[in-house]
Protein chains: 2
Amino acid sequence: MATLKDVAALAKVHPSTVSRVLRSVENVPITEETRKRVIAAAKSLDYQPDQRARALRLGKSNTIGLIIPDISNPFFAEIAKSIEQESYDSGYTLVVCASNEDQEKEIDFVHNLISRGIDGLIIAPVQDSYEHLVDLKKRNYPFVLVDRCFDEFETNAVVSDNEAAAFEAMEYLKDLGHKRIGFLSGRSTIYTIRKRRQGYQKAVDLFGLDKDDALVSAGGFTFEEGYSETLKMLSLAHPPTALLIAGNRITFGALKAFVEKGLTIPDDISIIGFTDSIV
Amino acid sequence: MATLKDVAALAKVHPSTVSRVLRSVENVPITEETRKRVIAAAKSLDYQPDQRARALRLGKSNTIGLIIPDISNPFFAEIAKSIEQESYDSGYTLVVCASNEDQEKEIDFVHNLISRGIDGLIIAPVQDSYEHLVDLKKRNYPFVLVDRCFDEFETNAVVSDNEAAAFEAMEYLKDLGHKRIGFLSGRSTIYTIRKRRQGYQKAVDLFGLDKDDALVSAGGFTFEEGYSETLKMLSLAHPPTALLIAGNRITFGALKAFVEKGLTIPDDISIIGFTDSIV
DNA sequence: TTGAAAGCGGTACCAG
DNA sequence: CTGGTACCGCTTTCAA
């Protein structure tokens, strides 16, 4: 890698001059002569300024970090994609890290990214704990939460109204005539899941639907778990006639279970799933 | 952010001493006394070494970059996930960038990442051009290609045998009795696509299947394009009885077309798709 | 056993 | 208009 010095030597000027020419900002006047020489030298050496040195000096890196629980989940991948687009267009580089739903790793990433001098942080937290975030807030470090947040901990966050959405879905199913509706979801420590469940419960109470603990499952958010939990629910003495499913992979698991049981949608059973993939 | 100096001041020692204590490597002897004081000071200030300064000094960042064409494509998301795991376990941080199938952006990322001082680069190239990669090779910069590579340009690459896979799929369809098989894919500049197509052609020739340009489409790799291309192929005078599809989103598009046409699998039509999502 | 100083590659301020 | 210099935060000789 060519450095400022190399370019300076080739152009027979001082490094600081090269810096000025290349950034061209500042109202500093420069002879057309020198400018040409410098530019030529830089091009011939294919000079690229070292961003870490720059960042070190400037205290700004034009980089932001994104921590998501699972990059292979289409929902988060889509989030990552849009954020990436947006940052790129604004001249920022996005660093994507996947915590893999591992709280330790998330905390690790937070520290790691900060020590790399990123300008800001976007986190979809694992949500087993949040002290590290409290810490960030105390230090006034710029960060936002996406998709999931904490009721007990106030921060900047962009989340959707999962409770309302779940409630509306339930209302729709009720209007179809369903009285016995099951709820399938992942770990209930997760904000989105809790909210959806609240919407579910609210609807059950308000519409006088069947209230039964066996109809509520929070087994996990994988394909396999969705599959097995659905089977379990279908083999109840009084199985549900409809399902509200919070999680896209769970939904596919449920579909597999239906196929296996010979059930068809919407004749034998109705479902509404929270998912945003193209399928 | 607390710096070495801050810690040093608090512990009443020289910064260099703090550095030595904290890295604890080197066979440099240190009084237990001082060590204790330094550790305490560092902890109380929650000191995290500045990685960019460190990288600048050391000439090594323990970071590797990954450039993929599309993060929202499950195939690449899965690749990103495994690489991330692997790097994390080896103490490396992975920076993921999405070129969005945009050659310009890819080149941009390559330069950007290098100037950030990453130790190595993994690229699934867009494949419209490769001069920037030739450049990397000339400069002896450590990089590998994944999934896609160039026949005319030799590099380290990890790719699967797409040609053989396509051929085997065709053999399978032929054994089912199909004579007229269509091929649906994305842009044919892409390595994987080209190889699969070669496998397809080889099978058509070798097994004496129907050879018809109308049966081969390279429209694009999106859901919508898969949908419209399938419709187009189904409305031929002699439509295919089976389809080989290279691309997971195209496959879903094709499925949509089937549903719309009232065709069922495998009664009315057979398909084999290259895809790795759970669906 | 610890301190002082140089330098990684830039930027910014002050001189001239 | 351009050069010199200090410094960002850290590591690494070299001395003491």
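Calculation notes
Residues numbered from 1 in each chain as written. Chains lettered and ligands numbered in written order. Predicted model: local features only at pLDDT ≥ 70, side-chain atom pairs only at ≥ 80, totals over all residues. Heavy atoms only, no water. 1 Å grid on protein atoms, 1.4 Å probe; cavity = no way out; pocket = protein on both sides within 12 Å on 5 of 7 lines; lining within 4 Å. Points joined across faces, edges and corners; volume = space filled by probe spheres on them. Nonpolar A, V, L, I, M, F, W, Y, C, P; charged D, E, K, R; others polar. Helix = DSSP H or I, 4+ residues; strand = E, 2+ residues; numbered from the N terminus. Contact = heavy atoms within 4.5 Å. Pairing = 2+ DSSP bridges. Axes fitted to C-alpha atoms, helices over the stretch in contact; angles between N-to-C directions. Least-squares fit on C-alpha atoms with pLDDT ≥ 70 in both. Near = heavy atom within 4 Å. Polar contact = N/O pair within 3.5 Å; in protein donor to acceptor, adjacent residues only side chain to side chain. Buried area = accessible area lost by both parts, 1.4 Å probe. Salt bridge = Lys/Arg side-chain N within 4 Å of Asp/Glu carboxyl O. Phe/Tyr/Trp six-rings, centres within 6.5 Å; stacked < 30°, edge-to-face > 60°. Lys NZ or Arg CZ within 6 Å of the ring centre and 35° of its normal. Parallel < 35°, antiparallel > 145°, perpendicular 65-115°, else oblique. Left-handed = near helix turned anticlockwise from the far one by under 90°. Right-handed = clockwise from strand over helix to strand, strands pointing away. Domains from an automatic or database assignment.

Enquirer: Residues and numbers for empty space enclosed by the protein, please.
Expert: To locate leftover empty space, one rolls a probe as large as a water molecule over the atoms. One pass over the structure, following the stated rule, counts one cavity of 30 Å³ or more. Residue lining of the largest cavity: 18 residues in total, with Arg52(A), Thr63(A), Arg116(A), Arg52(B) and Arg116(B) positioned closest to the centre. By residue class, the composition of the lining of the largest cavity is six nonpolar, eight polar and four charged.

Enquirer: Tell me about the environment of Leu56(A), and name the residues and values.
Expert: Note that Leu56(A) resides in helix 4 (residues 51-58). Note: C-alpha distance between Leu56(A) and Gly117(A) (61 residues apart in sequence) is 8.0 Å. If sequence neighbours within four positions are ignored, Leu56(A) has contacts with Asp50(B), Arg52(B), Ala53(B) and Leu56(B).

Enquirer: Go over the sheet that holds strand 7 (residues 216-217) of chain B with me, naming the residues and quoting the values.
Expert: All names here are of chain B. Read from one edge to the other, the open sheet built from four strands follows the order 7-6-8-9, with strand pairing classed as parallel. In this open sheet, the two edge strands, each paired with only one partner strand, are strand 7 and strand 9 (270-274). For strand 6 (residues 181-185) and strand 7, the ladder comprises two bridges, and the chain directions are parallel. Residue Leu-184 lies in a different strand from strand 7, and its bridge partner there is Ser-217. Packed onto the sheet, helix 9 (residues 191-207) meets strand 6, strand 7, strand 8 (242-246) and strand 9 and runs at close to 175° relative to strand 6.

Enquirer: Tell me about the relation of the copies chain A and chain B, and please be specific about residues and values.
Expert: Least-squares fitting of chain A to chain B yields an RMSD of 0.2 Å, with the transformation described by 0.1 Å of translation along the axis and a rotation of 180°. In short, the pair behaves as if placed about a two-fold rotation axis. Here 100% of the interface residues in chain A have copies in chain B that are interface residues too; the copies meet face to matching face.

Enquirer: Break down the protein's contact with DNA strand D for me, with residues and values.
Expert: Lining the immediate surroundings of DNA strand D are 26 residues, of which Pro29(A), Thr34(A), Leu4(B), Arg54(B) and Arg57(B) lie closest. In DNA strand D, the atoms that sit within 4 Å of the protein are 64% sugar and phosphate, with bases accounting for the remainder. Within the side chain of Arg20(A), a nitrogen or oxygen atom sits 2.9 Å from a base nitrogen of DNA strand D. At 3.1 Å, a backbone N or O of Asp50(B) approaches a phosphate oxygen of DNA strand D. Residues belonging to the surface near DNA strand D are distributed by class as follows: 10 nonpolar, eight polar and eight charged.

Enquirer: So what's going on with the interface of chain A and chain B? Residues and values would help.
Expert: Across the boundary between the two partners, chain A contributes 46 residues, which contact 46 residues of chain B. Summed over both sides, the interface of chain A with chain B buries roughly 4100 Å², with 58% coming from carbon and sulfur. Taken together, the links from chain A to chain B amount to six salt bridges. Every element with two or more residues in the side of chain A that touches chain B is listed here: helix 4, helix 5 (74-89), strand 2 (93-98), helix 6 (103-115) and helix 11 (248-261) of chain A. In terms of residue class, the side of chain A that touches chain B is made up of 20 nonpolar, 13 polar and 13 charged.

Enquirer: Describe unusual backbone geometry, listing the residues and the values that go with them.
Expert: For residues other than glycine, phi is negative in most cases, and the peptide bonds are mostly trans. Residue and element names in this part refer to chain A. The phi angle at Lys-12 is positive, at roughly 55°, despite the residue not being glycine. Mapped onto the elements, Lys-12 comes out in the loop between helix 1 (4-11) and helix 2 (15-23). Even without a glycine there, the phi angle at Asn-100 is positive, about 55°. By the secondary structure assignment, Asn-100 is in the loop between strand 2 and helix 6.

Enquirer: An account of the packing of aromatic side chains is requested, with residue identities and associated values reported.
Expert: What the rule picks out here adds up to 14 aromatic pairs over all chains. One aromatic cluster in this structure is built from Tyr130(A), Phe150(A) and Phe153(A). Residue placement shows Lys105(B) over the ring face of Tyr88(A); its charged tip is 4.4 Å from the ring centre. Positioned above the aromatic ring of Phe207(B), the side-chain terminus of Lys174(B) is 4.2 Å from the ring centre.

Enquirer: Please set out the packing of helix 4 of chain A against helix 4 (residues 51-58) of chain B residue by residue, giving values where relevant.
Expert: A pair of packed helices is captured by two measures, namely the crossing angle of their axes and the spacing between those axes. The N-to-C vectors of helix 4 of chain A and helix 4 of chain B enclose an angle of 135°; their axes lie 9 Å apart at closest approach. Considered as vectors, helix 4 of chain A and helix 4 of chain B are oriented oblique to each other. Considering only the axes of helix 4 of chain A and helix 4 of chain B, their crossing is left-handed. Every residue of helix 4 of chain B that contacts helix 4 of chain A at Arg52(A), Ala53(A), Ala55(A) and Leu56(A) is listed here: Arg52(B), Ala53(B), Ala55(B) and Leu56(B). Looking at side-chain class alone, the contact of helix 4 of chain A with helix 4 of chain B contains six nonpolar, no polar and two charged residues.

Enquirer: Report on the pairing of strand 9 of chain B, specifying residues and quantitative values.
Expert: Residues and elements named next belong to chain B. Here strand 8 pairs with strand 9 via five bridges, running parallel. Paired with Leu-244 across the two strands is Ile-272, which belongs to strand 9. Note that the unit made of strand 8, helix 11 (residues 248-261) and strand 9 has a crossover that is right-handed.

Enquirer: Summarise the domain arrangement of chain A; cite the residues concerned and give the values.
Expert: Annotation of chain A at the domain level lists domain 1 (4-49), domain 2 (57-158) and domain 3 (162-273). For domain 1 of chain A versus domain 2 of chain A, the separation of C-alpha centres amounts to 37 Å.

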